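Understanding the architecture of this molecule
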Amino acid sequence: MGDSTENGKVVMNSTEIRSRFPRMLKSVRLYALYLRLSINAQAQYKSAFIIQSLGQLASSGMGFVGIWALLSRFGSFQTWNIYTIGVLYGLINTSFALAEAFGRGFDVFGSDFVRNREFDRLLSRPRSPILQLLGHEVRIKSLGRLLQGVFVLVFCLASAGDFTLGSFLVIVWCIVGGFFLFLGIFIIQATLSFWTIDGLEVMNGLTYGGVQAAQYPVDVYPGWIRFLFIFVVPFSAVTYFPTDVVLHYHDNWGIVEYVKAILPILGIIFFCISTFLFRVGISYYISERN
Amino acid sequence: MRGRFKPYQAYFLARHKALAQWGLTTLASILAQTWWAALNISVYYSLYMFQTGTDFTFGSQSAISYVWLQQATLALLPFYCDPDIAGSIRSGSILYDRTKPIDTYSWWYTRNLTRAASRLFPRFTVIIVFAAICLPTFSYNGYALEKPSEATRLFAFFVSIFLGLLVSAAIAVIMDAIAVRTLSVNGVNAVAMPLVLFFAGGVIPLPFLPEWAQFLTFLLPFSSLVDIPIRIYLGVSIDGYTYTLSLIQITWLILLISAGRYIINRTILHLEVHGG
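1. Observations regarding the overall build of chain A
Counting secondary structure elements, chain A contains 16 helices and zero strands. Its C-alpha radius of gyration of 20 Å places chain A within 12% of the 19 Å reference for a compact globule of 290 residues. Dimensions of chain A, computed from C-alpha atoms along their principal axes, come out at roughly 60 × 45 × 45 Å. The proportion of buried residues among the 290 residues of chain A is 52%. For chain A, long-range pairs separated by at least 24 residues make up 77% of all intrachain contacts whose partners lie at least 6 apart in sequence.

2. Description of the overall build of chain B
Within chain B, the regular secondary structure consists of eleven helices and zero strands. Shown N-terminal to C-terminal, the secondary structure of chain B runs as helices and strands in the order α-α-α-α-α-α-α-α-α-α-α. Relative to the 2.2 N^0.38 estimate, which gives 19 Å for 276 residues, the radius of gyration of chain B is 20 Å and therefore close to what a compact globule would have. Its C-alpha atoms put chain B at 65 × 40 × 40 Å along the principal axes. Split into buried and exposed, the 276 residues of chain B put 54% on the buried side. Counted over contacts in chain B with a minimum sequence separation of 6, partners at least 24 positions apart contribute 81%.

3. As for the confidence of the model for chain A
Residues and elements named next belong to chain A. On average, residues of chain A carry a pLDDT of 84, and 91% of them reach 70 or more. Mean pLDDT in chain A bottoms out at helix α1 (residues 2-12), which sits at 44, and peaks at helix α16 (residues 265-283), which reaches 94. Considering only residues more than four positions removed or in separate chains, one finds that residues 1-14, a stretch of pLDDT under 50, has twelve contacts.

4. As for the packing of aromatic side chains
By the definition in use, this model includes 45 aromatic pairs over all chains. Between Phe64 of chain A and Tyr89 of chain A, the ring centres sit 5.0 Å apart and the planes meet at 45°, which makes this aromatic pair tilted. Placement of Phe64 of chain A in helix α3 (residues 46-74) and of Tyr89 of chain A in helix α4 (residues 82-102) is noted, with a sequence separation of 25 residues between them. For the pair Phe64 of chain A and Tyr89 of chain A, a shared accessibility class is recorded, and that class is buried. Here Phe119 of chain A and Tyr285 of chain A contribute two aromatic rings whose centre-to-centre distance is 5.0 Å and whose plane-to-plane angle is 80°, an arrangement assigned as edge-to-face. A residue pair is termed long-range when its members are at least 10 positions apart, and Phe119 of chain A in helix α7 (residues 118-123) and Tyr285 of chain A in the segment after α16 qualify at 166 residues. With respect to burial, Phe119 of chain A and Tyr285 of chain A carry one shared label: buried. Every member of this aromatic cluster is reached through a ring pair, and the members are Phe96, Phe182, Phe186, Tyr208, Tyr221, Trp224, Phe229 and Phe235 of chain A together with Trp35 of chain B.

5. Observations concerning the interface of chain B and chain A
Where interface size is given, it is often the accessible area lost as the parts come together that is meant. On the side of chain A, 34 residues touch chain B, which itself brings 32 residues to the contact. Here chain B and chain A share an interface that buries about 3000 Å² over both sides, 77% of which is from carbon and sulfur atoms. Seen at the junction of chain B and chain A, the total is zero salt bridges. Where chain B packs against chain A, one counts five residue pairs in polar contact (both at pLDDT 80 or more). Here the side of chain B that touches chain A gets 16 residues from one element, more than from any other, and that element is helix α2 (residues 24-49) of chain B. Residue classes in the side of chain B that touches chain A are distributed as 23 nonpolar, nine polar and no charged.

6. A short note on the state of the cysteines
All told, the structure shown has zero disulfides over all chains when counted by the stated rule. Here Cys174 of chain A is not cross-linked by a disulfide; its sulfur's nearest cysteine counterpart is in Cys156 of chain A, at 15 Å.

7. A word on the nonpolar core
Residues Tyr221 and Phe278 of chain A together with Phe208 of chain B are the most contacted members of the largest nonpolar core, which totals 162 residues. Take this core: its biggest share by element is 15 residues, from helix α7 (residues 151-182) of chain B. Residues in contact with Phe208 of chain B, not counting those within four places in the same chain, are Ala69, Leu70, Arg73 and Phe74 of chain A together with Tyr44, Tyr48, Phe56, Phe58 and Ala63 of chain B.

8. Description of the pattern of salt bridges
Applying the stated rule across the entire model yields ten salt bridges over all chains. Among the salt bridges present, the one from Arg139 of chain A reaches Glu100 of chain A, with a minimum N-O distance of 3.0 Å. Highlighted residues: Arg139 of chain A in the loop between α8 (129-134) and α9 (143-160) and Glu100 of chain A in helix α4, separated in sequence by 39 residues. With relative accessibility at 3%, the residue Glu100 of chain A sits in the buried group. Arg111 of chain B serves as the salt-bridge partner of Asp82 of chain B, at 3.5 Å between the closest nitrogen and oxygen. Of this pair, Asp82 of chain B sits in the loop between α3 (60-72) and α4 (83-91) while Arg111 of chain B sits in helix α6 (residues 104-137), placing them 29 residues apart in sequence. Across the pair, exposure class does not vary: Asp82 of chain B and Arg111 of chain B are buried alike. Salt bridges sharing partners connect three or more residues here, namely Glu100, Arg139 and Arg145 of chain A.

9. What to know about the packing of α3 of chain A against α4 of chain A
Residues and elements named next belong to chain A. It is at 11 Å that the axes of α3 and α4 come closest, and there the two elements cross at 160°. Considered as vectors, α3 and α4 are oriented roughly antiparallel to each other. The handedness of the crossing between α3 and α4 is right-handed. Contacts from Gln56, Ser60, Gly61, Gly63, Phe64, Ile67, Trp68 and Leu71 in α3 reach Ile82, Ile85, Gly86, Tyr89, Asn93 and Glu100 in α4. Taken together, the residues of the contact of α3 with α4 break down into seven nonpolar, six polar and one charged.

10. With respect to the environment of Val176 of chain A
All names here are of chain A. By the secondary structure assignment, Val176 is in helix α10 (residues 165-192). The class of Val176 is partly exposed, set by a relative accessible area of 30%. Sequence separation of Val176 and Ser142 is 34 residues, and the distance between their C-alpha atoms is 17 Å.

11. Examining α7 of chain B
The end-to-end C-alpha separation of α7 of chain B is 47 Å, in line with the 46 Å expected for 32 residues at 1.5 Å each. Immediately downstream of α7 of chain B, the backbone of Leu183 of chain B shows phi near 60°, a positive value.

How each quantity is defined
Residues numbered from 1 in each chain as written. Chains lettered and ligands numbered in written order. Predicted model: local features only at pLDDT ≥ 70, side-chain atom pairs only at ≥ 80, totals over all residues. Heavy atoms only, no water. Helix = DSSP H or I, 4+ residues; strand = E, 2+ residues; numbered from the N terminus. Rg over C-alpha atoms; globule rule 2.2 N^0.38 Å. Buried < 20%, exposed > 50% of the residue type's maximum accessible area, 1.4 Å probe, protein only. Contact = heavy atoms within 4.5 Å. pLDDT = per-residue confidence, 0-100. Phe/Tyr/Trp six-rings, centres within 6.5 Å; stacked < 30°, edge-to-face > 60°. Buried area = accessible area lost by both parts, 1.4 Å probe. Salt bridge = Lys/Arg side-chain N within 4 Å of Asp/Glu carboxyl O. Polar contact = N/O pair within 3.5 Å; in protein donor to acceptor, adjacent residues only side chain to side chain. Nonpolar A, V, L, I, M, F, W, Y, C, P; charged D, E, K, R; others polar. Disulfide = S-S within 2.5 Å. Core = buried A, V, L, I, M, F, W, Y, C linked by side-chain atoms within 4.5 Å. Axes fitted to C-alpha atoms, helices over the stretch in contact; angles between N-to-C directions. Parallel < 35°, antiparallel > 145°, perpendicular 65-115°, else oblique. Left-handed = near helix turned anticlockwise from the far one by under 90°. Expected span 1.5 Å × (residues − 1).

The structure is reproduced here in structure tokens:
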């Protein structure tokens, strides 16, 4: 809801720069329209929205109950306590909730666009298919997970972290990086569906599995999983490493603080690579409609 | 007497053939569940490793085995209601079902039982073989599924899993009835998903919970699905009860079937059919 007003503002102030970026602005305006349509459509079913948000709130909340039960059984987790783990948990859930809300079109790409050849229609329009898919649906029921994630994040940060402008910026930067990382994973899932639609639930291992895994510090995992989370799908770059700047647990990886604070950019790089792969995928797309 | 079961049996056999196939979907979900198990096991493994002097009877080997058994039986859980049943209300095709000389409750129960049983079988077999045989062969004993301490335990586990399957179908029928009444599967699924996942030990193994909370889990039917079978396999007792936990499953089964029959009969009386 906030997004449509934000985008509305951009469109309103646009007269002086319209000549310079006409195409881009049209895209922004179109996206704002998509957002408004999607939200209006879902707002028609108020009780469904409320019950689904509550369900999401409960299912992500259960995850935190689990962490609490584990830590009350074991005391602490090496140098980590419930608050510091809570920061990781809050970060990854907030990022995922945002990506799930805005990347829905890529999540259902295989079943709703490739299988029934709906994608042909997207390709025939004079706008980028990525933009159209981003605008396909904004899942407002992700609000449940979002609220829960932000609540845990703020609560745990207040108990365990620095409360400065710098740490605030680092946390927001982490969420931005995490958002693009998950969006990138959804786009790769969509790319795979150019070749196969069956068996795509393997990608849940990176989306839901990523949320589950990144709640814990990456050094609990054996080497091969650690390698995967640092270099291949950089979950640690948007949670574990940058939060050291705020939480000061001083891991022994020997990375300078400034570098750690910059690391969430890897999420954006991952996103760029995934959009490139998606374009490659499109060039292999053969419609069977006649 | 025998003829009464015939249509349900025929449906089960026919549908089972279609569902229990070794497609890409099955392989993908086996891979996803193994990956999920690996993530959880890593966390528990290091939790136990850095722990000094807990007075906790649920050891690391049991925790790891719990994760394997839980992931292997994931297909048994009633996360979603039968999409066809809710769809048949909207399309109106439920009227064809009503014209058939079969009992609606038994018919829906069979459908749900078939779905759970057929999906369970291939997934369970592969994951158990991987965890109990492949891992020790490649000398990853620390991460493997432990063997049951006695043969009766294994037998009791299979009986209990079967009961869990029956409970699962009984829960699913009630979910279907709610979906039929609210004309949408979304609400029911949204509520059922977190409940089932948590109380089936999908978030953390339930023996990690405080003792009082473990008793509370038996007040809901969901721990009868796979948590009780796994406790029997591992011999994790509560106040000395292990095998007797199956009595809780039987109690829930009777309660759920009676409640389900009552709800279905009421639902059928006030059926609103859309489409046509």
